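In case you want the letters, here they are:
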Amino acid sequence: SDLLHHDQRSAPTSIALATRSLKFGDITVGKNAYIGVSPQGSISLVAQAQLTVLGTLEAPAGTISLNRPANRSENSYNQAPIEYSEAKQSESIYLGADSKLLAGGTTVLTAATRAALEAGLTADFLRSQNRYKGSVLDGGVVQINAGMGYLITRSGSLIDVGGTEASLSTPTATNTGGFVYSERTLGSAGGNVNLAAREGMFLDGSYLAMGGANALG
């Protein structure tokens, strides 16, 4: 069966994965693995032990959250405190050399524009008719908290919350109080990256947070 394009869905999608065990509660996103949600959706990974990302997580204009709780006071499954130990302290949130956390801005087209493209019309034709309409969304949020441990981002890894830009048919006011559509290049602002770790951080990866055309980074 055909899948409905995200432009035509009524709400963003999300995915949340969590482990419970302090000894066996690892999460690993393998090399070449991909986890993605629709624009403005969210991805949440919560590991009680080691959290390793070697592949790609993508939530355009959305939220990517990686966490290792420092305590379990809000965990209804097991509220016993996490005691400090050398083994627990040595655990980390680890972003491998090929990992990508992608929450950059994106363009979402209107349902009518998407339907026209699905019917075989080209974007250039729609622009020529001032019918290529949509929104340019700001970059999202990447939030990482390694809790009682380290945060490590290897060289070659990427965290992207940058804005984007697109040429869209946008309304312009007229002298008579109405409006007409004309083509304009719109840019969106960059998002936010929030990092925390109790024991320290080794940050050798790359980051993108620039805005699109005429937009803030």
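Summary of the structure given here.

Definitions and limits used
- Residues numbered from 1 in each chain as written.
- Predicted model: local features only at pLDDT ≥ 70, side-chain atom pairs only at ≥ 80, totals over all residues.
- Heavy atoms only, no water.
- Helix = DSSP H or I, 4+ residues; strand = E, 2+ residues; numbered from the N terminus.
- Buried < 20%, exposed > 50% of the residue type's maximum accessible area, 1.4 Å probe, protein only.
- Contact = heavy atoms within 4.5 Å.
- Areas by Shrake-Rupley, 256 points an atom, 1.4 Å probe, with all protein chains shown as cover.
- Phe/Tyr/Trp six-rings, centres within 6.5 Å; stacked < 30°, edge-to-face > 60°.
- Lys NZ or Arg CZ within 6 Å of the ring centre and 35° of its normal.

1. Focus: the overall build of the chain
1) Next: Check the secondary structure of the chain and you find 3 helices and 19 strands.
2) Next: In the chain, buried positions account for 38% of the 217 residues.
3) Next: The contacts in the chain between residues at least 6 apart in sequence include a share of 69% that link residues at least 24 apart.
4) Next: Surface exposure of the chain reaches about 11,600 Å², of which carbon and sulfur atoms provide 49%.

2. Comments concerning the packing of aromatic side chains
1) Next: Here the structure, examined in full by the defined rule, presents 2 aromatic pairs.
2) Next: Here the aromatic rings of Tyr150 and Phe202 are separated by 5.9 Å at their centres, their planes lie at 35°, and the arrangement is tilted. You can see Tyr150 sitting in strand E13 (residues 150-153) and its partner Phe202 sitting in strand E18 (residues 200-203), a full 52 residues away along the chain.
3) Next: Phe202 sits in the partly exposed class, given a relative accessible area of 48%.
4) Next: A centroid spacing of 5.8 Å and a plane angle of 80° characterise the contact between Phe179 and Tyr181, whose relative ring orientation is edge-to-face.
5) Next: By relative accessible area, Tyr181 is classed as partly exposed at 30%.
6) Next: The ring centre of Tyr132 lies 4.3 Å from the NZ or CZ of Arg127, which sits over that ring.
7) Next: Sitting over the ring of Tyr181, Lys133 keeps its end group 3.9 Å from the ring centre.

3. Some words on unusual backbone geometry
Note: most peptide bonds trans; most residues except glycine with negative phi.
1) Next: Phi at Asn32 is positive, roughly 75°, even though this residue is not glycine.
2) Next: Note on placement: Asn32 falls in the loop between strand E2 (27-29) and strand E3 (34-36).
3) Next: A residue is classified by how much of its surface remains accessible, and Asn32, at 74% relative accessible area, is exposed.
4) Next: At Asn130, a position not held by glycine, the phi torsion is positive, near 55°.
5) Next: For Asn130, the location among the structural elements is in the loop between helix H3 (123-128) and strand E11 (134-137).

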